[in-house]
Amino acid sequence: MKNIIIFGAPGSGKGTYSEAIMEKYGMGHISTGDVLRAEIKQGTQLGKIAQGYIDQGQLIPDELMVNILAKVYDEMPAGKGVIFDGFPRTIPQAEALKKMLAERGHEMGMMIELVVTEDILLMRLLRRAIEQGRADDNEETIRKRFNVYHTQTAPLAEWFEKEGIRHIVSWEEHPSKEEMIARVFQVIEEENA
Ligand code: AMP
């Protein structure tokens, strides 16, 4: 399977779709948010640094993120393809990812962009705050994360467009979760045919 970069705003469902893809195709999965939350839980040096940024809804500096990503990527089972969930989030991260993969003789594969209206995003994040108790899912931090997404991450969509690997899956007409998953699978299968 080709590598897959799952791209979208906070609350767009990156984690949910990554899990579904991972289960169906047996691919590796790297969620940089999960990696950072695990480090925080274990009280590591990296976790201590990351916590300050996460609590503020800010991004962890690129250099640090790129080093973490390369290390986690090298631990993935070989030859199955990897889902990148929450990485890259900036253009320097995307360039570093492309380079890191090229150095290993691999490619970025495909990018799937999940497009969701902002009112649905907000509703989902507030619901997740109650269900999962994520500290950065409060209204003030959510607003900051949206802002970071619009200024630092959204411009990356064009970068992927130029790379010729951008695929958009849109929620605008409010399909069900099952329909969305089916569409995501279809895009993946067309690309791997
Ligand atoms: P997520 O679970 O993907 O929403 O990530 C939660 C938080 O972790 C983000 O708001 C950032 O503070 C941090 N984070 C996760 N991935 C990255 C990344 N690729 N670059 C910088 N910060 C990140």
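Here, the structure is the one placed above.
In this report, the structure presented in the accompanying data block is examined. For clarity, every value in this text was computed on a predicted model and none was experimentally measured.

The rules we used
- Residues numbered from 1 in each chain as written.
- Predicted model: local features only at pLDDT ≥ 70, side-chain atom pairs only at ≥ 80, totals over all residues.
- Heavy atoms only, no water.
- Axes fitted to C-alpha atoms, helices over the stretch in contact; angles between N-to-C directions.
- Helix = DSSP H or I, 4+ residues; strand = E, 2+ residues; numbered from the N terminus.
- Left-handed = near helix turned anticlockwise from the far one by under 90°.
- Contact = heavy atoms within 4.5 Å.
- Polar contact = N/O pair within 3.5 Å; in protein donor to acceptor, adjacent residues only side chain to side chain.
- Phe/Tyr/Trp six-rings, centres within 6.5 Å; stacked < 30°, edge-to-face > 60°.
- Near = heavy atom within 4 Å.
- Nonpolar A, V, L, I, M, F, W, Y, C, P; charged D, E, K, R; others polar.
- Core = buried A, V, L, I, M, F, W, Y, C linked by side-chain atoms within 4.5 Å.
- Buried < 20%, exposed > 50% of the residue type's maximum accessible area, 1.4 Å probe, protein only.
- Arc of directions from axis to C-beta.
- Expected span 1.5 Å × (residues − 1).
- Salt bridge = Lys/Arg side-chain N within 4 Å of Asp/Glu carboxyl O.

**Regarding the packing of helix α5 (residues 91-103) against helix α8 (residues 156-163)**
Angle between the axes and distance between the axes are the two parameters that describe a pair of packed helices.
Line of reasoning, step 1. The interhelical angle for the contact between α5 and α8, taken along N-to-C directions, is 35°, at an axis separation of 9 Å. Considering the relative orientation of α5 and α8, their crossing is right-handed. Residue-level inspection shows Ile 91, Ala 94, Glu 95 and Lys 98 of α5 in contact with α8, the latter providing Leu 156, Trp 159 and Glu 163.

**Looking at the side chain of Glu 113**
Line of reasoning, step 1. Tracing the backbone shows Glu 113 in strand β4 (residues 110-115).
Line of reasoning, step 2. At 2.7 Å, the side chain of Glu 113 forms a polar contact with the side chain of Arg 166.
Line of reasoning, step 3. When residues no more than four places from it in sequence are discounted, the contact partners of Glu 113 are Phe 7, Ala 157, Arg 166, His 167, Ile 168 and Val 169.

**Regarding the packing of aromatic side chains**
Line of reasoning, step 1. Considering all chains together, one arrives at five aromatic pairs under this definition.
Line of reasoning, step 2. An aromatic cluster of three or more residues is present, and its members are Phe 7, Tyr 149, Trp 159 and Phe 160.

**Considerations on the site of the ligand**
Line of reasoning, step 1. In the region of the ligand, 16 residues are neighbours, and Thr 32, Arg 37, Gln 58, Arg 89 and Gln 93 sit closest.
Line of reasoning, step 2. The separation between an oxygen atom of the ligand and a polar main-chain atom of Gln 58 is 2.6 Å.
Line of reasoning, step 3. The biggest single contributor to the shell around the ligand is helix α2 (residues 32-42), with four residues.
Line of reasoning, step 4. Here the shell around the ligand is composed, by residue class, of six nonpolar, five polar and five charged.

**Quick look at the nonpolar core**
Soluble, globular proteins show a tendency: their nonpolar side chains are buried together.
Line of reasoning, step 1. Within the largest apolar cluster, 56 residues are counted, with the highest numbers of intra-cluster contacts made by Ile 21, Phe 84, Leu 97, Ile 112 and Phe 160.
Line of reasoning, step 2. When sequence neighbours within four positions are dropped, the list of residues in contact with Leu 97 reads Ile 5, Leu 69, Phe 84, Phe 87, Pro 88 and Met 108.

**Notes on the environment of Thr 117**
Line of reasoning, step 1. Topologically, Thr 117 is positioned in the loop between β4 and α6 (118-132).
Line of reasoning, step 2. Residue Thr 117 is classed as partly exposed on the basis of its relative accessible area of 26%.
Line of reasoning, step 3. Taking the C-alpha atoms as reference points, Thr 117 and Ser 170, 53 residues apart in sequence, are found 9.2 Å from one another.
Line of reasoning, step 4. Of the polar contacts made by the side chain of Thr 117, one reaches the side chain of Asp 119; its length is 2.8 Å.

**Topic: helix α3 (residues 45-55)**
Line of reasoning, step 1. Where α3 is concerned, the buried positions are Leu 46, Gly 47, Ala 50 and Ile 54. One face of α3 carries all of its buried residues, which in axial projection span an arc of 85°. Summarising the geometry of α3, the exposed residues directed more than 90 degrees from the buried face are Gln 45 and Lys 48.
Line of reasoning, step 2. Immediately beyond the C-terminal end of α3, within one or two residues, lies Gly 57, with a positive phi of roughly 70°.

**Quick word on helix α7 (residues 139-153)**
Line of reasoning, step 1. A rise of 1.5 Å per residue sets the reference length of α7, with its 15 residues, at 21 Å; its end C-alpha atoms lie 20 Å apart and thus fit the reference within 8%.
Line of reasoning, step 2. Among the residues of α7, Thr 141, Ile 142, Arg 145, Phe 146, Val 148, Tyr 149 and Thr 153 are the ones counted as buried. One face of α7 carries all of its buried residues, which in axial projection span an arc of 165°. Of the exposed residues in α7, those oriented more than 90 degrees away from the buried face are Glu 140, Arg 143 and Thr 151.
Line of reasoning, step 3. Where the residues of α7 are buried, they touch β1 (4-8), α3, α6 and α8.

**Considerations on the pattern of salt bridges**
Line of reasoning, step 1. As enumerated under the stated definition, the model contains 16 salt bridges in all.
Line of reasoning, step 2. With a closest N to O distance of 2.7 Å, Asp 74 and Arg 104 form a salt bridge. Here the residue Asp 74 occupies a position in helix α4 (residues 62-74), and Arg 104 occupies one in the loop between α5 and β4, the gap between them amounting to 30 residues.
Line of reasoning, step 3. The class for Asp 74 is partly exposed, based on a relative accessible area of 48%.
Line of reasoning, step 4. Note that Arg 134 and Asp 136 form a salt bridge whose closest N and O atoms lie 3.0 Å from each other. Residue Arg 134 shares its accessibility class with Asp 136, and that shared class is buried.
Line of reasoning, step 5. Taken together, the shared-partner salt bridges in this structure form one network comprising Arg 128, Arg 134, Asp 136, Asp 137 and Arg 145.

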